[in-house]
Amino acid sequence: MSHVSDLIATDIEQYLKSHEKKSLLRFITCGSVDDGKSTLIGRLLYESKMLFEDQLAAIEADSKKYGTQGESLDFALLVDGLAAEREQGITIDVAYRFFSTDRRKFIVADTPGHEQYTRNMVTGASTADVAILMVDARKGILTQTRRHSYLVSLLRIRQIVVAVNKMDLVDYSEKIFRKIVDDYQTFAAHIGLEDITFIPMSAFRGDNVTAPSDRMPWYHGTTLMGYLETVEIDEARAQKGPFRLPVQWVNRPNLDFRGFAGTVAGGVVKPGDRIRVQPSGKESRVARIVSYDGDLEQAVAGQSVTLILEDEIDISRGDVVSTADSPASVADQFETTLVWMHDDPMLPGRSYLLKIGARTVAATITHIKYQVNVNTLEHIAAKTLELNAIGVCNLSLDRPVAFDPYTENRDTGGYILIDRLTNNTVGAGLLHFALRRSHNIHVQHVDVNKEARSAMKGQKACVLWFTGLSGAGKSTIANLLEKKLHAMGRHTYLLDGDNVRHGLNRDLGFTAADRVENIRRVAEVAKLMVDAGLIVVTAFISPFRAEREMARALFDDGEFVEVFVDTPLEVAEQRDAKGLYKKARRGEIGNFTGIDSPYEIPQDAELRIDTTRYSADEAAEQVLALVLEPGRIRSGMRALREV
């Protein structure tokens with residue numbers, strides 16, 4: 001089974017051809033700390049003869065320096081490549097390794113067992129067809145075993161191998177093995193795991209890894225390698241589902257060719273099949289299926305192809321081509337399970353980018369229904385999600401997308417969340433279903449629009465967004481500005497932070513999550529007022545850059561003018577007309593901006609006012625000059641001025 005093919009020496013071309021046609025199985029190893037995951041992968045690489053002579057020499061040297069197996073080779077060192085991993089004897093990062101046999105190719109991900117590396121485990125499991133869950137025969141089913149089993153169930157990895165390892169340390173006891181099997185089956189029934197294969201083994205000694213062990217004559221099942229070589233892969237199952245092709249590229253090399261390229265994410269498609277493009281809903285038929293090797297009679301899940309349609313219809317990157325008989329759903333609000341993968345917590349109301357397939361849209365977590373304790377499976381209340389936390393949430397997008405529930409299609413039901421400012425991936429999620437209101441609520445067309453309302457008032461509607469520390473002078477300057485605009489006959493409205501918290505936002509506190517929601521509500525109100533044709537002046541600390549950018553994104557180009565009222569913290573503290581800084585210093589007020597909660601300075605405000613140089617009235621005059629300057633507020637203009 002696991003050996004280097006004789007064709008390599010006799011007919012290399014035939015070997016390469018046979019290698020191309022082998023199926024590829026992706027699997028992960030997971031489980032508790034020190035259960036032997038890395039040792040197992042090292043053993044598989046060694047037994048499949050995928051190691052070069054210099055690698056064997058290196059592992060022999062490293063085994064003497066870092067090894068934990070006495071005079072024997074420490075196979076774990078083949079995978080634990082980081083210095084910290086070798087020093088601590090644990091896996092920290094996800095390690096990927098490739099090997100092959102005469103029957104199949106494999107990519108294995110060795111995932112860490114520690115709870116603080118849950119995000120790494122989720123990363124490794126996201127593309128896996130099989131999960132090998134390692135259990136130390138001496139310890140049985142542990143908390144981390146249950147946690148990783150839950151994550152495997154969550155990510156819909158259907159084939160599970162429970163590898164009861166280190167049987168050599170319990171004298172190959174059948175009784176111990178049977179007890180572990182019974183305990184795990186009881187737990188697995190609660191989380192919906194069904195296709196489970198139990199294998200007693202010793203990764204260190206090689207028992208039941210690639211060949212049956214004569215030390216366990218009571219076991220008559222498959223070896224681990226025998227299982228991996230014959231198990232059904234996910235692509236074969238995906239081919240039985242409805243056809244899906246997320247469009248990655250519109251291929252138009254010349255005027256006579258227009259195709260839509262992507263990887264088939266489910267089902268089978270043939271020329272002549274009726275298809276529907278989503279989210280637009282337009283339909284056509286497949287004229288040709290083009291690949292690198294020429295036209296195909298059909299394309300199946302996992303193949304990268306270009307479709308040519310009979311009709312000229314509008315299709316863009318990110319659209320999904322589905323079978324017309326069973327199309328993907330379309331919605332903009334969902335229930336979802338979210339795995340948070342960033343050090344900064346997830347805050348409901350904050351705007352993120354969501355990438356599903358090739359489509360990127362703006363997204364907001366509107367509500368956390370509950371957080372899952374992955375150790376006990378208990379549902380607990382939560383206002384935010386911290387690093388490695390898993391929660392079930394409501395998700396809202398700025399436009400509809402085509403999707404399938406993750407349980408039906410992992411490619412069209414899974415997504416990642418991206419920070420809008422840093423472009424870091426901060427979360428990964430699984431779509432459950434569309435919320436009913438996403439289908440029942442539609443945008444109502446009105447004949448009197450923003451332009452008509454603005455024209456009646458003889459002004460261009462906009463929002464002047466004042467931001468800065470408490471005590472910087474935002475409200476004072478904003479009030480003076482509105483008086484000046486009102487005296488000129490302009491139609492205005494002032495939204496002040498303190499005033500809004502007496503009514504619209506009286507239910508919000510000052511936690512990071514509540515601050516985000518505070519600004520989200522104010523931005524939406526300001527948007528309605530701009531739509532009414534008003535010049536809106538807002539005075540809020542709005543400490544987080546992400547929320548200010550979220551507010552800006554609600555408006556058309558040129559409608560949002562950010563005014564940074566720049567006052568040093570020590571000056572703001574000296575003013576302290578409300579006595580808030582003194583209370584914060586005494587610990588009577590928590591999460592106070594500038595003291596124990598950060599203020600993120602604007603990077604591209606249209607106007608910066610240094611209040612140590614100008615009086616409030618002079619500052620208001622500077623803002624007024626900016627507003628009234630001919631052509632200053634126009635589409636795409638974001639010129640920085642300092643006064």
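The structure presented is a predicted model; accordingly, all values stated were derived computationally and were not measured. (Residues numbered from 1 in each chain as written. Predicted model: local features only at pLDDT ≥ 70, side-chain atom pairs only at ≥ 80, totals over all residues. Heavy atoms only, no water.)

Notes on helix α14 (residues 474-487)
Part 1 of the reasoning: In this model, α14 (14 residues) spans 20 Å end to end at C-alpha, consistent with the 20 Å of a helix rising 1.5 Å per residue.
Part 2 of the reasoning: Along its buried surface, α14 packs onto β24 (462-467), β25 (492-496), β26 (535-539), β27 (560-566) and α20 (616-628).
Part 3 of the reasoning: Two residues or fewer past α14, G489 is found with a positive phi of approximately 85°. (Helix = DSSP H or I, 4+ residues; strand = E, 2+ residues; numbered from the N terminus. Expected span 1.5 Å × (residues − 1). Contact = heavy atoms within 4.5 Å.)

A look at the pairing of strand β15 (residues 304-309)
Part 1 of the reasoning: Of all six residues that make up β15, five are buried, and the element is covered over most of its length.
Part 2 of the reasoning: Summarising the sheet, strand β9 (residues 257-263) and β15 pair through four bridges and their orientation is antiparallel. Counted as the bridge partner of A261 is T306 from β15.
Part 3 of the reasoning: Judged from the four bridges that link them, strand β12 (residues 282-291) and β15 form a sheet pairing that is antiparallel. Looking at the pairing, R288 lines up with I308 of β15. (Buried < 20%, exposed > 50% of the residue type's maximum accessible area, 1.4 Å probe, protein only. Pairing = 2+ DSSP bridges.)

Quick word on the packing of helix α7 (residues 143-154) against helix α8 (residues 174-191)
Part 1 of the reasoning: Between α7 and α8, the shortest axis-to-axis distance is 10 Å and the interhelical angle comes to 40°. When the interaxial angle is binned, α7 and α8 end up oblique. Both α7 and α8 take part in a crossing whose hand is right-handed. Touching T145, R146, S149, Y150 and S153 of α7 are Y184, F187 and I191, all from α8. (Axes fitted to C-alpha atoms, helices over the stretch in contact; angles between N-to-C directions. Parallel < 35°, antiparallel > 145°, perpendicular 65-115°, else oblique. Left-handed = near helix turned anticlockwise from the far one by under 90°.)

Here we look at the packing of aromatic side chains
In this description, a pair of aromatic rings is defined by centroid distance and the angle of the planes.
Part 1 of the reasoning: Counted under the stated rule, the structure contains 14 aromatic pairs.
Part 2 of the reasoning: Centroid distance F177 to Y219: 6.5 Å. Interplanar angle 80°. Geometry classified as edge-to-face. Of the two residues, F177 is situated in helix α8 and Y219 in the loop between β6 (195-200) and α9 (224-230); the sequence distance between them amounts to 42 residues. Grouping residues by exposure puts F177 and Y219 together as buried.
Part 3 of the reasoning: A ring pair is formed by F334 and F403, whose centres lie 4.8 Å apart and whose planes are at 80°; its orientation type is edge-to-face. In this pair, F334 sits in strand β17 (residues 329-340) while F403 sits in strand β21 (residues 390-403), placing the two residues 69 residues apart along the sequence. By the burial criterion, F334 is buried, and F403 matches it.
Part 4 of the reasoning: It is R146 that lies over the ring of F187; its NZ or CZ is 5.9 Å from the centre.
Part 5 of the reasoning: When the ring centre of F544 is taken as reference, the NZ or CZ atom of R350 above it lies at 5.2 Å. (Phe/Tyr/Trp six-rings, centres within 6.5 Å; stacked < 30°, edge-to-face > 60°. Lys NZ or Arg CZ within 6 Å of the ring centre and 35° of its normal.)

Notes on unusual backbone geometry
Part 1 of the reasoning: Look at the link from Q278 to P279: it is a cis peptide, with omega at 20°.
Part 2 of the reasoning: Even without glycine at this site, L377 takes up a positive phi of about 65°.
Part 3 of the reasoning: The residue L377 is located in the loop between β19 (359-372) and β20 (379-380) in this model.
Part 4 of the reasoning: Judged by relative accessible area, which is 25%, L377 ranks as partly exposed.

So, the side chain of N518
Part 1 of the reasoning: Tracing the chain through its elements places N518 in helix α16 (residues 512-531).
Part 2 of the reasoning: With a relative accessible area of 6%, N518 lands in the buried category.

Here we look at the pattern of salt bridges
As a working rule, side chains carrying opposite charge can pair if their charged atoms are close by.
Part 1 of the reasoning: Counting across every chain of the model gives 32 salt bridges.
Part 2 of the reasoning: A salt bridge links K484 to D617; its shortest N-O distance comes to 3.1 Å. Of this pair, K484 sits in helix α14 while D617 sits in helix α20, placing them 133 residues apart in sequence.
Part 3 of the reasoning: Note on D617: relative accessible area 38%, which makes it partly exposed.
Part 4 of the reasoning: The salt bridge partner of R585 is E573, with a shortest N-O separation of 2.7 Å. With R585 in helix α19 (residues 580-585) and E573 in helix α18 (residues 569-575), this residue pair connects regions lying 12 residues apart in the sequence.
Part 5 of the reasoning: The structure contains a network of salt bridges with shared partners spanning R548, E549, R552, E562 and E606. (Salt bridge = Lys/Arg side-chain N within 4 Å of Asp/Glu carboxyl O.)

Quick look at the sheet that holds strand β5 (residues 159-165)
Part 1 of the reasoning: Read from one edge of the open sheet, six strands run β2-β3-β1-β4-β5-β6, paired in mixed fashion. Single-partner strands in this sheet number two, and they are β2 (95-100) and β6. Across the sheet, the mean angle separating the axes of adjacent strands is 25° when strand polarity is ignored.
Part 2 of the reasoning: Alignment of β2 against strand β3 (residues 104-110), held across six bridges, turns out to be antiparallel. The residue bridging S100 from the neighbouring strand is K105, located in β3.
Part 3 of the reasoning: Helix-sheet contacts for helix α6 (residues 118-125) involve β1 (23-31), β2 and β3, and the interaxial angle to β1 is about 160°.
Part 4 of the reasoning: Contacting β1, β4 (130-136) and β5, α7 crosses the sheet at an angle of about 175° to β4.

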